[in-house]
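Coordinate inspection notes
Okay, here's what each chain looks like letter by letter:
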Amino acid sequence: MSFFCLRGISKRFDKDTQALSGITLELAKGQLLGLIGESGSGKSTFLRIAAGLETQDRGEVLLDGEPILNPSQKLVAGYDQIQLVHQQFKLYPNSTVEENIRRPLLLYDKSYAQERTEYLLDAFNLESMRRRLPRELSGGQQQKVAIAKALSSEPEVLLFDEPFSHLDSLQKRQLLLEIQAVFRKLHVTGIWVTHDISDALMLTPYIAVLRKGTLIQQGNVEELFNHPKNRYVASLFTPINPLPEGRGRFLRPTAIRVSTDGEGLAGRITSCCFLPYHNQLTVCLTGTGLEWIILDERRIFRQGDLVSLVFPRGEIMTLSE
Ligand code: ADP
Ligand code: MG
């Protein structure tokens, strides 16, 4: 049996807002799941129910076979074994980094508390900042302390609600690399919620996609990439280009090549963007009104160039909406 189970979770706030519709997710011990969804898709509601902080209309949450009670069933909502890390993390403003991390361990044996604090300061590379106050840290460093603090009492499950969404992309990338190393060492069981699939993929290959309160697809990233359930899942990874004859058939930019012998679909390049690994071209296909995104790894094409595009038939994806 799975370690952390959420079965058939449904939640409606009012008659117009079905926030979640029968969501089932199961995590093995040590498994981290990336939960992807756009704003309003129900991610935070789902995590709050998973943590026992919100009452679901239907469904159950089980941790190691034991039911997690919701606020209507339990006097003090929430569980120490399930830690939720928010975007608006709460650190004690007048306590140092070290004190913040040790705080959840106040009732523990003193030498264990110190040992655990030292371990986390080391794992998160925070030793040189141990005596600083939260306001003396950058946003990214503060969030790192918040995650270390959530880990200090060795919870069974960690739930992250878009913890890095307010950081700039350079800070975020650096922090994700650090977290990746720590999580690998600690075998964290949990759910990492984000609207950006590339963030989640730095931490785990296990992905679930939520849209308008419905779980669209879950599985290994390769499965989602190669066999997306619908157009939405496919477009989380790359732009997808509709074929002129329609009927829900699409191509990823990587499947398309500019032919040298004039074969293929004719078009004109309407824009050319320099990106780190390639130029990204927008091509307006002649007589169709369609615009395709394609890649130019050699950086040889320019805006205004006429091109012919070819692709292997086998790369065509048939996708529903
Ligand atoms: P996400 O975290 O993916 O942005 P949320 O779980 O916050 O999504 O919200 C899902 C839906 O439920 C939204 O339509 C939101 O407006 C609604 N919602 C969330 N919390 C409440 C609440 N406490 N009362 C009423 N509606 C809510
Ligand atoms: Mg949210």
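Residues numbered from 1 in each chain as written. Chains lettered and ligands numbered in written order. Predicted model: local features only at pLDDT ≥ 70, side-chain atom pairs only at ≥ 80, totals over all residues. Heavy atoms only, no water.

On to the site of ligand 1. Near ligand 1, the surroundings consist of Phe13, Thr17, Ala19, Glu38, Ser39, Gly40, Ser41, Gly42, Lys43, Ser44 and Thr45. Take Lys43: an N or O atom from its side chain is 2.9 Å from an oxygen atom of ligand 1. Between Thr45 and ligand 1, the recorded distance is 2.5 Å, taken from a side-chain N or O atom to an oxygen atom. For ligand 1, whose free accessible area comes to 560 Å², the fraction covered by protein is 58%. Going through the elements one at a time, strand 2 (17–27) and helix 1 (43–50) are the ones with two or more residues in the shell around ligand 1. (Near = heavy atom within 4 Å. Polar contact = N/O pair within 3.5 Å; in protein donor to acceptor, adjacent residues only side chain to side chain. Areas by Shrake-Rupley, 256 points an atom, 1.4 Å probe, with all protein chains shown as cover. Helix = DSSP H or I, 4+ residues; strand = E, 2+ residues; numbered from the N terminus.)

So, on to the packing of aromatic side chains. With the rule as written, the count across this model stands at 7 aromatic pairs. Ring centres of Phe164 and Trp192 lie 5.3 Å apart, and the angle between their planes is 75°; on these two criteria the pair is classed as edge-to-face. One end of the pair, Phe164, is in the loop between strand 7 (157–161) and helix 5 (169–186); the other, Trp192, is in strand 8 (residues 190–194), and 28 residues separate them in sequence. On the basis of relative accessibility, which here comes to 4%, the residue Phe164 falls in the buried class. Trp192 gets classed as buried once you look at its relative accessible area, which sits at 2%. Through a chain of ring-to-ring contacts, three or more aromatic side chains come together here, namely Phe160, Phe164, Phe183 and Trp192. Sitting over the ring of Tyr79, Lys74 keeps its end group 4.4 Å from the ring centre. (Phe/Tyr/Trp six-rings, centres within 6.5 Å; stacked < 30°, edge-to-face > 60°. Buried < 20%, exposed > 50% of the residue type's maximum accessible area, 1.4 Å probe, protein only. Lys NZ or Arg CZ within 6 Å of the ring centre and 35° of its normal.)

Let us now look at the pattern of salt bridges. By the definition in use, this model includes 16 salt bridges. Lys11 is paired through a salt bridge with Glu54; the nearest N and O atoms lie 3.9 Å apart. Separated by 43 residues along the polypeptide, Lys11 in strand 1 (residues 4–14) and Glu54 in the loop between helix 1 and strand 4 (58–63) bring together distant segments of the chain. The same class applies to Lys11 and to Glu54, which are both buried. A salt bridge links Asp16 to Lys15; the shortest N-O distance between them is 3.8 Å. No difference in accessibility class separates Asp16 from Lys15, as the two residues are exposed. Each of the salt bridges in this network shares a partner with another, and the network as a whole consists of Glu98, Arg102, Glu118, Arg130 and Arg131. (Salt bridge = Lys/Arg side-chain N within 4 Å of Asp/Glu carboxyl O.)

With that out of the way, let us pick up the sheet that holds strand 4. One open sheet accounts for 4 strands, arranged 2-1-4-5; its pairing is antiparallel. Pairing within the sheet leaves two strands with one partner each, and these edge strands are strand 2 and strand 5 (66–67). Judged from the 5 bridges that link them, strand 1 and strand 4 form a sheet pairing that is antiparallel. Residue Ser10 lies in a different strand from strand 4, and its bridge partner there is Arg58. Running over the sheet, helix 1 touches strand 1, strand 2 and strand 4 and is turned about 125° from strand 1. (Pairing = 2+ DSSP bridges. Contact = heavy atoms within 4.5 Å. Axes fitted to C-alpha atoms, helices over the stretch in contact; angles between N-to-C directions.)

Time to look at unusual backbone geometry. Backbone geometry follows two general trends: most residues other than glycine have a negative phi, and most peptide bonds adopt the trans configuration. Of note in the backbone geometry, Glu162 takes a positive phi value of approximately 45° without being a glycine. Examined against the element boundaries, Glu162 turns out to sit in the loop between strand 7 and helix 5. Owing to a relative accessible area of 16%, Glu162 belongs among the buried residues under this scheme. Phi at Arg299 takes a positive value of approximately 55°, unusual for a residue other than glycine. By the secondary structure assignment, Arg299 is in the loop between strand 16 (291–296) and strand 17 (306–310). On the accessibility criterion, Arg299 (24% relative accessible area) is partly exposed.

This part takes up the side chain of Ser152. Note on placement: Ser152 falls in helix 4 (residues 139–152). The buried category is assigned to Ser152, whose relative accessible area is 0%. Residues in contact with Ser152, not counting those within four places in the same chain, are Ile101, Pro104, Leu105, Tyr112, Arg116 and Leu120.

Under the domain assignment, the chain is made up of domain 1 (4–231) and domain 2 (242–318). Computed over C-alpha atoms, the centres of domain 1 and domain 2 are 39 Å apart. (Domains from an automatic or database assignment.)

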